[in-house]
Amino acid sequence: GCGVREEAEGLHAVAVENERREAEEKVKAEDARKAAVILPGKRLEELKALLVRLREEASSFEEDPSKRQERMNVKKTVNKAVNQIAASKHQVSTKSSELVYILGISEKYGPAASAFCKLLVAEKLIDQSEGQVKLHSRSAFAVAGVISIVMAQCPAMTDVFLAQFHYACTYTFPFFPPKPADASKEDYQKLLGYRPDEQPEQFFERMTGYISLYAALLQSDMPSALGVGRNPYRIANGWTWMARIVNAAPRVITPTLVIAFLEIAGYELSLNYGRQFRKLMMALYERLNKLPAKAPPGATSRLKIHIEEFMARGTIEPPEGRELPESDAQNT
C-alpha cells in the first residue's frame, strides 16, 4: 500500500508541475504575441529616426579639422577592440570593457563625439555579421556577448544596436518591405538592401550573418555571467520574431532566414516555450507548403528536416559555440 500511495503522489506532483510549466509557457507566449502586434511599423520608424538624429549630431565632430586627434582616438580604440574579439569569456569581457570605456570618454568630448562613437561601435560590431559570423556562425556568440555587455552597461546603446541591425538587415525585425507599384526590379532590390550587381544567392548568404548574430544576442547571458548587469534584449524577442515570420506571407528568402535563426536560437526557444514552441514549429511546417516556387531548395530542405527531427525527438541540440570557454587557451 505505502509504495503505491507514494508513487501516486509522485505522479500527481509531476502532473501538477507539468500543468504549472505549461501555464507559464502559455503566458510567456501570449505576452510575446501581444508584443508582436504592437505597431511594428511605428517601432521601425522610431529606430530609423534615431539613426538619422545620431548621424546629424555626429556630422559636426566628423567634419571638424580641429577634432582630428579625438576622432583618431575613437576610431583606433573601436576598430582594435572589435577586430580582437575572440571566443572566450576573458576576451569578450576585455573587449567590451574597452568599448564601454571609449563610449564614456567620447561623452567628455561632447554630444557630437558621443553620437559619432555610438554609431561607430554599433556599426563595427554589427558589421561582424558579414565577416567572421557569415564564415563561422559559432563566432556569433562571442560578438553577441560583447554587444549584450555594452547594452547592459550603456542602456542608451540598446536602441542604437537595434536600429543598426534593422538598417543593415530589415529581416532582423523581421520586416518585408512591400514592392511599390511603379518600382523596377533593381529599385525594389535596393529597397530590400541589395548591393549593386549583387545576386540573390549572395544577398541571402549575407543576410544569414545578420540573422545568426541577432539570434545569438537574444540568448546571451554574458552580462550576468560576468556580473555586470543583465542583457536587456532577451529571448521573448526571438518568440516575437518567429511569430511574425509565421504570420507573414512566405517569401523566397523565408527558409534561408528561418533555418539560420533556428540553428542558433531554436534550442533556447524550445527551453523557454516548450509545447507552445512545438505548436509554432507545426504552424511553420504547414506554411512551407505555401512557399514561392523560387525558394532555394537547399535551405527549404534543411528547414524541413530540422523541423521533422525536432518533432520526432522533441528536443533541439544546443548550437555549437554557445558555451564560451573561460580563456583563449581553452578554445582549441
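Conventions and cut-offs
Residues numbered from 1 in each chain as written. Predicted model: local features only at pLDDT ≥ 70, side-chain atom pairs only at ≥ 80, totals over all residues. Heavy atoms only, no water. Axes fitted to C-alpha atoms, helices over the stretch in contact; angles between N-to-C directions. Helix = DSSP H or I, 4+ residues; strand = E, 2+ residues; numbered from the N terminus. Parallel < 35°, antiparallel > 145°, perpendicular 65-115°, else oblique. Left-handed = near helix turned anticlockwise from the far one by under 90°. Nonpolar A, V, L, I, M, F, W, Y, C, P; charged D, E, K, R; others polar. Phe/Tyr/Trp six-rings, centres within 6.5 Å; stacked < 30°, edge-to-face > 60°. Buried < 20%, exposed > 50% of the residue type's maximum accessible area, 1.4 Å probe, protein only. Core = buried A, V, L, I, M, F, W, Y, C linked by side-chain atoms within 4.5 Å. Contact = heavy atoms within 4.5 Å. Expected span 1.5 Å × (residues − 1). Bend = angle between axes of the 7 residues up to and from the residue. Polar contact = N/O pair within 3.5 Å; in protein donor to acceptor, adjacent residues only side chain to side chain. Salt bridge = Lys/Arg side-chain N within 4 Å of Asp/Glu carboxyl O. pLDDT = per-residue confidence, 0-100.

(A) Representation of the packing of helix α13 (residues 254–287) against helix α14 (residues 297–313) within the structure. Across the interface, α13 lies against α14 with an axial gap of 10 Å and an inter-helix angle of 25°. Between α13 and α14, the crossing angle belongs to the class labelled roughly parallel. Like other packed secondary-structure pairs, α13 and α14 cross with a definite hand, here right-handed. Grouping the constituent residues of the contact of α13 with α14 by class yields 14 nonpolar, 4 polar and 5 charged.

(B) Highlighting the packing of aromatic side chains. Per the stated rule, a full pass over the model turns up 10 aromatic pairs. Ring centres of Y171 and F203 lie 6.2 Å apart, and the angle between their planes is 70°; on these two criteria the pair is classed as edge-to-face. You can see Y171 sitting in the loop between α8 (157–168) and α9 (185–192) and its partner F203 sitting in helix α10 (residues 200–217), a full 32 residues away along the chain. For F203, a relative accessible area of 1% gives the class buried. Put simply, the rings of Y171, F176, Y194, F203 and F204 touch in pairs and so form one group of aromatic residues.

(C) Inspection of the nonpolar core at higher detail. With 96 residues, the main nonpolar core has L125, F161, Y171 and F261 as its most contacted residues. Here this core gets 15 residues from one element, more than from any other, and that element is α13. Setting aside its immediate chain neighbours within four residues, F261 contacts I211, Y214, A215, L218, G238, W241, M242, G266 and L269.

(D) Local environment of α8. With 12 residues, α8 ought to run about 16 Å at 1.5 Å a step, and its terminal C-alpha atoms sit 16 Å apart, in line with that. Of all 12 residues in α8, 10 are buried; the element is thus mostly enclosed. Within α8, burial applies to M157, T158, V160, F161, L162, A163, Q164, F165, H166 and A168.

(E) Seen up close, the environment of E201. Following the sequence through the fold, E201 ends up in helix α10. Taking the C-alpha atoms as reference points, E201 and P296, separated by 95 residues in sequence, lie 8.7 Å from one another.

(F) Representation of α13 within the structure. Between the first and last C-alpha of α13 there are merely 10 Å, a value that for 34 residues lags more than 12% behind the 50 Å anticipated at 1.5 Å per step. Remark: the principal bend of α13, roughly 120°, maps to Y273.

(G) Region of interest: the side chain of S270. Relative to the assigned elements, S270 resides in helix α13. The class for S270 is buried, based on a relative accessible area of 17%. Within the structure, S270 has its side chain in polar contact with the backbone oxygen of Y267 (distance 2.8 Å). Those residues within four positions of S270 in sequence are excluded, and the remaining contacts are F277, F310 and I316.

(H) Broad picture of the pattern of salt bridges. By the definition in use, this model includes 14 salt bridges. Of the charged contacts in the structure, one is a salt bridge between K48 and E45, with a shortest N-O distance of 3.8 Å. Highlighted residues: K48 and E45, both in helix α2 (residues 40–63), separated by 3 residues, approximately one helical turn. By relative accessible area, K48 is classed as partly exposed at 46%.

(I) Focus on the packing of helix α7 (residues 140–153) against α8. One can describe the packing of α7 onto α8 by two numbers: an axis separation of 8 Å at closest approach and a directional angle of 140°. Judged on the interaxial angle alone, α8 and α7 are oblique. Across the interface between the two elements, I147, V150 and M151 from α7 touch M157, T158 and F161 from α8. Its residues assigned to classes, the contact of α7 with α8 comprises 5 nonpolar, 1 polar and no charged.

(J) Local environment of unusual backbone geometry. Going from F173 to P174, the amide bond is cis rather than trans, its omega being -5°. Mapped onto the elements of the fold, P174 is located in the loop between α8 and α9. Located in the positive-phi region is D197, a residue other than glycine, with phi close to 65°. Mapped onto the elements, D197 comes out in the loop between α9 and α10.

(K) Structural view of the side chain of S220. The residue S220 is located in the loop between α10 and α11 (222–225) in this model. Overall, the relative accessible area of 7% leaves S220 in the buried class. If we ignore the near neighbours within four places in the chain, the residues touching S220 are A144, G145, S148, N231 and R234.

(L) Structural context of the confidence of the model for the chain. Looking at the chain, pLDDT values average 91 and 89% of them are 70 or higher. Per-residue pLDDT, averaged within each element of the chain, yields its smallest value for helix α1 (residues 2–36) (63) and its largest for helix α5 (residues 111–126) (98).

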